[in-house]
Amino acid sequence: MKKVHFIGIGGIGISAIARFLKERDFIISGSDIADSAITKELRASGMKITVPHCKTAIEDPDFVVYSAAIKGDNVELLEARKRGIECLSRKEALPFILEGKRVFAVAGAHGKSTTSAMLAALMEGSAIIGAISKEFGSNMKYEASDNLIFEADESDSSFLNSNPFLAIVTNAEPEHMEHYDNDIEKFHAAYKGFLERAKIRIINAEDEFLSTIKMDCIRLEKGDITNMQMVLRNYEPYTSFHLKGLGKFEAWGMGEHIAIDASLAILAANSMMGLEEVRENLKKFKGIKKRFDILVANEKFALIDDYGHHPTEIKATLKSAKEYARLLGLESITAIFQPHRYSRLMANLDGFKECFDDVDELVVLPVYAAGEEPNGVDLKSEFKGALFADSIKRNGDSIEFFDNFGVKHSLASGLVIGFGAGDISYQLRGER
C-alpha cells in the first residue's frame, strides 16, 4: 500500500482528498499548524496527524501533497525535498487522485459547494467537496463507482487538472485575480480551458461572461426558472420552482441562488439518469454546513451561520434572509460581519459597504487575516453607523458581545446572521 503525507491536511478541500485516498487503501498521514475539528476527526479515523508542522512528521511516504496555503520554506516540505521524496502541490496531485474516474466537476466563484453537494445527492458516486454536506456529514462521500463529483477550484487554476467528463460552471465572477496577474482575459481563458476539457458542459448563461461562450453547452438561461416560491416546514426553508419544461422541483434552502444551483445540478444529473429519479433524489439534499446554516429557529429568534465572504454572496444571502425572516414573522435583521483577508476587503471595499444597506443593524468584527499583514483599511471609518466588537459569544439562544465603548449587547430576537470564512462560525456555535 502506498503512503501519502499531506502538509496542511486541515484544509476543507485537501482533507476531503485525504479521506478519499484512505478509502482507496492508501496509508495517510498529515500535519497542520494547529489542531482543528477536521484534524481531530482525521486522527480519530486512524490517520497519523502531527501538530504543528515539524520535519519529523516526514517518515517514509511514497510522496507528499501540500496545500496551496503551504509556503516554500515549510520545514516538512524542505525535509521531504532534501530526502528526494516526490512533492506535489494539491493542483499537481489532482490527475493522480482523479485517475480512472468519470469526473463531474463543478466550478465557479459562488455556489460551487452547494451545487456539488446537490449533485452528490442526485446521483450515485463518490464526492469530494469543499464543505460539509449535511446529507452525509462530511466533505467526502465514498462509493464503489466510476462516478466522482468533484468541487473544482479556480483560485489556483487547479480546475484545469480535474479532467472533467462533465463540467458545470455556476458563474465566472472575477475572484482570486492575483493568481491570473490581474488579467481578465487570462482568467476567462482558464474557464474556457476548463469547459473545453469536458464532454458535457452545463453553464449558467445568465453570467455575463458565460453568456458569450460559443461551445456546445447545456445552458441555463434567464427565464428558464419560473413559479419560484419560498416555503417553511418546521422552520426549515425550501425553494420550489419550475425548470424549463421539466416540471416542478423543490430544494432545501431559500432564494433564487438556490434555484439556480439546483437547476444546474438537475440538468447535469438528467444527462445521465431519469428525470423522476432526479426529482426524488433532490429531497435528500439538506444543505451544507456554514451555508445559510440555521443554528436556531423559533417564533421569535433565528440564528444563521453563513460562509459568505464576498459582497455578491452576502447580498444574495441577505435577500434570502429577508424572505426567511418575513415567513417567520421576525421584524429585524442583524448582520455580523467578519472580513476575511485584508486583500479581499480592500479589493471589494465599496461592495462590502453597500451589501449591508438593508440590514437593521451591522456588527463588524476584526479582520480575519489568514496570514496577511494589515493594509491600512480602517474599519471604523469605512463602516460608519456599525457597531464594532472584538468577538461575539453564544449564550443559549442568544448572541452577546461588548461594543467598542464597553457596552454589552444581547441579541435574542429577530434574525441574526453571521458572515465570514474565518473563525466566526465557531463563535456563533459557542465553540470558541
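Looking at an unreviewed UniProt entry, the chain carries the name UDP-N-acetylmuramate--L-alanine ligase, with the source organism given as Campylobacter vicugnae. Quoted verbatim from the Sequence similarities (unreviewed entry) heading of the UniProt record, the comment on the chain is "Belongs to the MurCDEF family."

Turning our eyes to something else, we now look at the overall build of the chain. Within the chain, the regular secondary structure consists of 13 helices and 24 strands. For 432 residues, the compact-globule estimate of 2.2 N^0.38 gives 22 Å, and the C-alpha radius of gyration of the chain, at 22 Å, lies within 12% of that figure. Within the chain, the proportion of its 432 residues that are buried is 56%. The contacts in the chain between residues at least 6 apart in sequence include a share of 62% that link residues at least 24 apart. By element, 48% of the accessible surface of the chain is carried by carbon and sulfur atoms, the whole surface being about 18800 Å². Positive and negative side-chain charges in the chain, numbering 53 and 65 respectively, have mean positions lying 3 Å apart.

Running from N to C, helix 1 (residues 12–23) and helix 2 (residues 37–44) point in directions that differ by 10°, and their axes come no closer than 11 Å. With respect to their mutual orientation, helix 1 and helix 2 come out roughly parallel. Contact residues: Ile12, Ser15 and Arg19 in helix 1; Ile38, Glu41 and Leu42 in helix 2. Grouping the amino acids of the contact of helix 1 with helix 2 by side-chain chemistry returns 3 nonpolar, 1 polar and 2 charged.

With that settled, the discussion passes to a negative patch on the surface. Taken together, Asp350, Glu354, Asp357 and Asp358 make up a surface patch of like negative charges. With respect to the helices and strands, glutamate 354 occurs in helix 11 (residues 349–355). The exposure class of glutamate 354 is exposed, given its relative accessible area of 53%.

With that out of the way, let us pick up the sheet that holds strand 17 (residues 301–306). Spatial strand order, 16-17-24-18-19-20: 6 strands in an open sheet with mixed pairing. Among the strands making up the open sheet, the edge pair consists of strand 16 (293–297) and strand 20 (387–388). Taken together, the 6 bridges between strand 17 and strand 24 (residues 414–419) define a ladder with parallel strand orientation. Bridging across to strand 24, alanine 302 finds its partner in leucine 415.

Let's shift gears to the sheet that holds strand 1 (residues 3–7). Within the open sheet, the 5 strands sit side by side as 3-2-1-4-5. Their pairing is parallel. Each edge of the open sheet is held by one strand with a lone partner, namely strand 3 (48–50) and strand 5 (86–89). On average, each strand axis in the sheet is inclined to that of its neighbour by 20°, with strand direction left out of account. Examined bridge by bridge, strand 1 and strand 2 (residues 27–31) share 5 bridges and lie parallel to one another. Each residue of the ladder has a partner; that of histidine 5, found in strand 2, is serine 29.

Taken as a whole, helix 4 (residues 90–97) has its buried residues at Arg90, Ala93, Leu94 and Ile97. Each buried residue of helix 4 lies within a common arc of 125° when the element is viewed along its axis, so the set occupies one face. If you follow the buried residues of helix 4, they end up packed against helix 1, strand 4 (63–66), strand 5 and strand 9 (147–151).

Look at helix 5 (residues 112–122) against helix 7 (residues 256–270): their axes get within 9 Å of each other, and the N-to-C directions meet at 45°. In terms of their interaxial angle, helix 5 and helix 7 are classed as oblique. Crossing angle aside, the handedness with which helix 5 passes helix 7 is right-handed. Where helix 5 approaches helix 7, its residues Thr114, Thr115, Met118, Leu119 and Leu122 are matched on the opposing element by Ile258, Asp261, Ala262, Leu264, Ala265, Ile266, Ala268 and Ala269. Of the residues contributing to the contact of helix 5 with helix 7, the split by class is 10 nonpolar, 2 polar and 1 charged.

Applying the stated rule across the entire model yields 14 aromatic pairs. A centroid spacing of 5.7 Å and a plane angle of 55° characterise the contact between phenylalanine 20 and tyrosine 142, whose relative ring orientation is tilted. Of the two residues, phenylalanine 20 is situated in helix 1 and tyrosine 142 in the loop between strand 8 (138–141) and strand 9; the sequence distance between them amounts to 122 residues. Under the relative-accessibility criterion, phenylalanine 20 is labelled buried at 0%. Here arginine 233 stacks its cationic end above the ring of tyrosine 238, 5.2 Å away from the centre of that ring. Over the aromatic face of phenylalanine 249 sits the side chain of arginine 279, whose NZ or CZ is 4.5 Å from the ring centroid.

For the rest of this paragraph, the subject is the environment of leucine 330. As for its position among the elements, leucine 330 is in the loop between helix 9 (311–328) and strand 18 (333–337). Looking at leucine 330, the relative accessible area reads 10%, which means it is buried. Between the C-alpha atoms of leucine 330 and valine 416, which are 86 residues apart in sequence, the distance is 10 Å. Ignoring sequence-local partners within four residues, the contact set of leucine 330 consists of Glu299, Lys300, Phe301, Ala302, Ala325, Gly414 and Leu415.

The subject of this paragraph is the pairing of strand 14 (residues 236–243). Summarising burial for strand 14: 6 of the 8 residues are buried, a large majority. In this sheet, strand 14 lies alongside strand 13 (residues 225–233) in antiparallel orientation, the contact comprising 7 bridges. Bridge pairing in strand 14 places glutamine 229 opposite serine 240.

We now examine helix 7. Taking 1.5 Å of rise per residue, the 15 residues of helix 7 would be expected to cover 21 Å, and the 21 Å separating its terminal C-alpha atoms lies within 8% of that figure. Most of helix 7 is tucked away: 12 of the 15 residues are buried. Buried within helix 7 we find Ile258, Ala259, Ile260, Asp261, Ala262, Ser263, Leu264, Ala265, Ile266, Leu267, Ala268 and Ala269.

At the junction of valine 51 and proline 52, the peptide bond is cis and its omega measures out at -10° in the coordinates. Turning to its location among the elements, proline 52 is positioned in the loop between strand 3 and strand 4. Positioned with a positive phi, aspartate 25 is a non-glycine residue whose angle comes to about 75°. Locating aspartate 25 in the fold gives a position in the loop between helix 1 and strand 2.

Reading the values: rules and limits
Residues numbered from 1 in each chain as written. Predicted model: local features only at pLDDT ≥ 70, side-chain atom pairs only at ≥ 80, totals over all residues. Heavy atoms only, no water. UniProt positions renumbered as here; feature names shortened; annotations may be inferred. Helix = DSSP H or I, 4+ residues; strand = E, 2+ residues; numbered from the N terminus. Rg over C-alpha atoms; globule rule 2.2 N^0.38 Å. Buried < 20%, exposed > 50% of the residue type's maximum accessible area, 1.4 Å probe, protein only. Contact = heavy atoms within 4.5 Å. Areas by Shrake-Rupley, 256 points an atom, 1.4 Å probe, with all protein chains shown as cover. Lys, Arg positive; Asp, Glu negative; His and termini not counted. Charge placed at Lys NZ, Arg CZ, Asp CG, Glu CD. Axes fitted to C-alpha atoms, helices over the stretch in contact; angles between N-to-C directions. Parallel < 35°, antiparallel > 145°, perpendicular 65-115°, else oblique. Nonpolar A, V, L, I, M, F, W, Y, C, P; charged D, E, K, R; others polar. Patch = residues over 30% accessible without salt bridge, like charges linked within 9 Å, V, L, I, M, F, W, Y side chains within 5 Å. Salt bridge = Lys/Arg side-chain N within 4 Å of Asp/Glu carboxyl O. Pairing = 2+ DSSP bridges. Arc of directions from axis to C-beta. Left-handed = near helix turned anticlockwise from the far one by under 90°. Phe/Tyr/Trp six-rings, centres within 6.5 Å; stacked < 30°, edge-to-face > 60°. Lys NZ or Arg CZ within 6 Å of the ring centre and 35° of its normal. Expected span 1.5 Å × (residues − 1).

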